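One letter stands for each residue in the lines below.
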Amino acid sequence: MKQLSRQDIRQRLLDILLNFYDFCHQNGLNPYLCAGTLLGAVRHGGFIPWDDDIDTCLDRVSYEKLMRIAKKGDTFNGHYKIVDFRFENSSYPFIKIVDLETKMSQEFENDEADYLWIDVFPMDGLPADVNKQKRLYRRVTFVREVQMLSFAKANGRTLVKKLVKPLIIPLAKIYGLKRANKRLNKLAQTYDYRQTGWIGDVLWGEFGKETLSVKEYFQSTTMSFEGHKFETMACWDKYLTMLYGIDYMAIPPKSKRVDHRLTAWLR
């Protein structure tokens, strides 16, 4: 197998994104750039220099439509595949679009779907009451920690994690990855944004950092990423400010620049 350079990896990820957007548009779906990928588009015009992944999102109604499409045929354009824990081919509670022509390995995680990928997060309903939001995120965060530990490697980025992870990973495995993913999926859909009027990344986000009104979220615009135009939310400035702070355009110190530490090859 041929090992891929970082530039090669980014080109493969961009190809996944382009093909996924085309596939979605052909099926009446409109994904958004989100999280670090949207930040990279705004601040760098593309990938964050030290980053190596791509984040997209779909509102829950569209997300479930994508799941129904995938049940009929999960592979498109030859070598791109829709994977999800509900298909029993991913360790994560959200959709990933993988490139079947690649193989990859991450330093801190074990995942049986060992391909280069982009993430597709569902945007779910949130209650208008802030205290109810906080309680929901508290429950989700606890289960998410269990979920991540249930398939994590025993090593860690810090000394504390290197010491603690070997002790608590066995407990997480007892709870079980499949059980944790099912619980997260159910918790994320506690509220329907069509009824509450509020939407956010409940499944994989943090309290108070991605809470938007439905009206704001569904007003879209285009953003340039690596020379291509992709849809995202028109309120991107508010979104990025909530997620990364008012100084999101500032370059963080080296100590806060985190990547997936992955290695990839062509199969």
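Preceding block: the structure.
A quick note: this is a predicted structure, and the numbers were derived from the prediction, not measured.

The rules behind these values
- Residues numbered from 1 in each chain as written.
- Predicted model: local features only at pLDDT ≥ 70, side-chain atom pairs only at ≥ 80, totals over all residues.
- Heavy atoms only, no water.
- Salt bridge = Lys/Arg side-chain N within 4 Å of Asp/Glu carboxyl O.
- Helix = DSSP H or I, 4+ residues; strand = E, 2+ residues; numbered from the N terminus.
- Buried < 20%, exposed > 50% of the residue type's maximum accessible area, 1.4 Å probe, protein only.
- Expected span 1.5 Å × (residues − 1).
- Polar contact = N/O pair within 3.5 Å; in protein donor to acceptor, adjacent residues only side chain to side chain.

1. A closer look at the pattern of salt bridges
Okay, so step 1: Using the criterion set out here, one finds 14 salt bridges in the structure.
Okay, so step 2: Residues arginine 6 and aspartate 52 are paired through a salt bridge, measuring 3.8 Å at the closest nitrogen-oxygen approach. Residue arginine 6 is located in helix 1 (residues 6–26), and its partner aspartate 52 is located in the loop between helix 2 (35–44) and strand 3 (55–59); the two are separated by 46 residues in the primary sequence.
Okay, so step 3: We classify arginine 6 as partly exposed; its relative accessible area is 37%.
Okay, so step 4: A network of salt bridges, in which partner residues are shared, links Arg60, Glu64, Asp84, Arg86 and Asp124.

2. A word on helix 4 (residues 130–149)
Okay, so step 1: Here helix 4 contains 20 residues, and its C-alpha end-to-end distance of 29 Å stays within 8% of the 28 Å for a straight helix at 1.5 Å per residue.
Okay, so step 2: What helix 4 keeps buried is the set Gln133, Leu136, Tyr137, Val140, Val143, Arg144, Val146, Gln147 and Leu149.
Okay, so step 3: By the N-cap criterion, in which a side-chain oxygen at the helix start approaches the backbone nitrogen of a residue two or three places on, helix 4 is capped by aspartate 129, the distance to asparagine 131 being 2.8 Å.

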